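# Chains, contacts and geometry: an overview
As a plain string of letters, each chain reads:
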There are 2 protein chains.
Amino acid sequence: METHELFHTIHQLSRTLTKQVNETLHPFGLYSAQWAVLFVLKTKGAMPQSALCEYLAVEAPPMTRTIQRLARQGYVQQVPGEDKRVKVIHLTDKAHEAYPEWEKAVLTMNDRLLEQVPWEQRMLVQMALHDWLGKMKGDLHE
Amino acid sequence: METHELFHTIHQLSRTLTKQVNETLHPFGLYSAQWAVLFVLKTKGAMPQSALCEYLAVEAPPMTRTIQRLARQGYVQQVPGEDKRVKVIHLTDKAHEAYPEWEKAVLTMNDRLLEQVPWEQRMLVQMALHDWLGKMKGDLHE
DNA sequence: TCCAATTGATTACTTAGGTAACTAAATTAT
DNA sequence: ATAATTTAGTTACCTAAGTAATCAATTGGA
């Protein structure tokens, strides 16, 4: 079996998915990277920017940009922390109010994309990929 | 189970993989997008730019850029086709000569990343993901 | 204590991909 | 046969993520 093929499929899937999310959120003026941040803040609550980076496994610079944009749109507020270096990111009331609509659109889209895929298969693949990722990251620190 | 998690894992894997390929090819002055093109040309032979796009599932503009860069580096030649609109992309002798080294580096890296993953599991996941992709693409054209 | 190293965030610049609008060549239809 | 449409490729501009370098605040060690 070709490892090339496998990796190519993963890339293609990733690109197709972001494309779908972007299309879905276009009516709300949001992009996929912004949605990822909004989702984490809604489900985990306010947190420092660095925690968002770690959670989403994204470097600091792209996170700065995404958050500044969300702030410009009034969906997020950067509150200085006790440690004056950190900025704690909060969802605004405006974001909390609009969130259910966003979530509904994304969930509907997600379900549509995988509706033909049995639940156990999703579970199996999710566990396998997560496991691979862990092993790769582990390798890199050896 | 959260679809969010699954999609997030796929994105993260995709990013980790391109990062690895970029690191691996850095000594040769090549980037992951270029490698994808070189690999297809080596295994499938010369083909029009549009065929490369279709094969790699990438839009025309990024392909133009990647190919122009490869041409600048002398790894690829754009030969006008019978149809004067098409440009047939050929590997140069320089590319053929260097290819084995590139391939060895990438294959070694690929194997290292998945060495702990049993062969059948790779196969299963590859088939599942490919199947999903097909279903998604199918959906979009309904 | 005070200097050195670390950490959180930003800025500048890069790769990688996407859409929209365009040109030139080829094909189809009237 | 010519006008209309389609196709291959490019240009301009966008999102998304990465590295390198920098700044300010904090922490640790001599």
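Cut-off values and rules
- Residues numbered from 1 in each chain as written.
- Chains lettered and ligands numbered in written order.
- Predicted model: local features only at pLDDT ≥ 70, side-chain atom pairs only at ≥ 80, totals over all residues.
- Heavy atoms only, no water.
- Salt bridge = Lys/Arg side-chain N within 4 Å of Asp/Glu carboxyl O.
- Helix = DSSP H or I, 4+ residues; strand = E, 2+ residues; numbered from the N terminus.
- Buried < 20%, exposed > 50% of the residue type's maximum accessible area, 1.4 Å probe, protein only.
- Near = heavy atom within 4 Å.
- Polar contact = N/O pair within 3.5 Å; in protein donor to acceptor, adjacent residues only side chain to side chain.
- Nonpolar A, V, L, I, M, F, W, Y, C, P; charged D, E, K, R; others polar.
- Pairing = 2+ DSSP bridges.
- Least-squares fit on C-alpha atoms with pLDDT ≥ 70 in both.
- Contact = heavy atoms within 4.5 Å.
- pLDDT = per-residue confidence, 0-100.
- Phe/Tyr/Trp six-rings, centres within 6.5 Å; stacked < 30°, edge-to-face > 60°.
- Arc of directions from axis to C-beta.
- Buried area = accessible area lost by both parts, 1.4 Å probe.
- Axes fitted to C-alpha atoms, helices over the stretch in contact; angles between N-to-C directions.

Another point: the pattern of salt bridges. Residue and element names in this part refer to chain B. This structure, assessed with the given rule, holds five salt bridges over all chains. With a shortest N-O distance of 3.1 Å, Lys135 and Asp131 are connected by a salt bridge. One end of the pair, Lys135, and the other, Asp131, are both in helix 6 (residues 119-140), four residues apart, so they sit about a helical turn from each other. Asp131 gets classed as partly exposed once you look at its relative accessible area, which sits at 32%.

Below, the discussion takes up the protein's contact with DNA strand D. Surveying the vicinity of DNA strand D reveals 28 residues, the closest of which are Arg69 of chain A together with Gln49, Ser50, Thr64 and Lys87 of chain B. The sugar and phosphate moieties of DNA strand D supply 73% of its atoms located within 4 Å of the protein. The separation between a phosphate oxygen of DNA strand D and a polar main-chain atom of Lys84 of chain A is 2.9 Å. Here a phosphate oxygen of DNA strand D sits 2.6 Å away from a polar atom, N or O, in the side chain of Gln49 of chain B. Broken down by secondary-structure element, the contributors of at least two residues to the surface near DNA strand D are helix 2 (32-44) and helix 4 (60-72) of chain A together with helix 1 (3-25), helix 3 (49-56) and helix 4 (60-72) of chain B. In terms of residue class, the surface near DNA strand D is made up of nine nonpolar, seven polar and twelve charged.

Right, let's talk about the pairing of strand 3 (residues 87-91) of chain A for a bit. All names here are of chain A. Relative to strand 3, strand 1 (residues 47-48) runs antiparallel, the two being bridged by two bridges. Bridge pairing in strand 3 links Met47 to Ile89. Hairpin connection between strand 2 (residues 76-80) and strand 3: a loop of six residues separates the two successive antiparallel strands.

This paragraph deals with the relation of the copies chain A and chain B. Superposing chain A onto chain B takes a rotation of 180 degrees combined with a translation of 0.0 Å along the rotation axis, leaving an RMSD of 0.0 Å. What we have between these two chains is a two-fold relation. A shared binding surface is used by both copies, with 100% of the interface residues of chain A retained as interface residues in chain B.

The next point concerns the environment of Val117 of chain A. By the secondary structure assignment, Val117 of chain A is in the loop between helix 5 (93-114) and helix 6 (119-140). Val117 of chain A sits in the buried class, given a relative accessible area of 3%. Along the primary structure Val117 of chain A and Gln20 of chain A are separated by 97 residues, whereas in three dimensions their C-alpha atoms are 17 Å apart. Ignoring sequence-local partners within four residues, the contact set of Val117 of chain A consists of Arg122 of chain A together with Trp132 of chain B.

Glancing now at the confidence of the model for chain A. Scored by pLDDT, chain A has a mean of 94; 96% of the residues are at 70 or more. Of all the helices and strands in chain A, helix 6 of chain A carries the lowest mean pLDDT, 89, while strand 3 of chain A carries the highest, 98.

Bringing the packing of aromatic side chains into the picture now. All names here are of chain A. Under the definition given, this model contains eight aromatic pairs over all chains. Ring geometry for Tyr75 against Trp102: centres 4.9 Å apart, planes inclined by 80 degrees, an arrangement best described as edge-to-face. In this pair, Tyr75 sits in the loop between helix 4 and strand 2 while Trp102 sits in helix 5, placing the two residues 27 residues apart along the sequence. Taken together through their ring pairs, the aromatic side chains of Trp35, Phe39, Tyr75, Tyr99 and Trp102 make up a single cluster.

Once that is clear, we can look at helix 3 (residues 49-56) of chain A. Buried residues of helix 3 of chain A: Gln49, Leu52, Cys53 and Leu56 of chain A, and no others. One side of helix 3 of chain A carries all its buried residues, which in axial view fall inside an arc of 100 degrees. Summarising the geometry of helix 3 of chain A, the exposed residues directed more than 90 degrees from the buried face are Ser50 and Glu54 of chain A. Residues of helix 3 of chain A that are buried sit in contact with helix 2, strand 1, helix 4, strand 2 and strand 3 of chain A together with helix 1 of chain B. Two residues or fewer after helix 3 of chain A comes Ala57 of chain A, characterised by a positive phi angle close to 55 degrees.

Right, let's get into the interface of chain A and chain B. Contacts between the two partners involve 51 residues from chain A, matched on the other side by 51 residues from chain B. Buried area between chain A and chain B, both sides added, is near 5400 Å², and the carbon and sulfur share of it is 67%. For the pair chain A and chain B, the interface holds one salt bridge. Among the salt bridges present, the one from Glu59 of chain B reaches Lys19 of chain A, with a minimum N-O distance of 4.0 Å. Linking chain A with chain B are ten residue pairs in polar contact (both at pLDDT 80 or more), by the criterion used here.

So, on to the sheet that holds strand 1 (residues 47-48) of chain B. Residue and element names in this part refer to chain B. Read across the sheet, three strands follow the order 1-3-2 without closing on themselves; strand pairing throughout is antiparallel. Edge positions in the sheet fall to strand 1 and strand 2 (76-80), since each has one partner strand and no second. The strands that helix 2 (residues 32-44) touches are strand 1, strand 2 and strand 3 (87-91); relative to strand 3, the one it contacts most, it runs at about 85 degrees.

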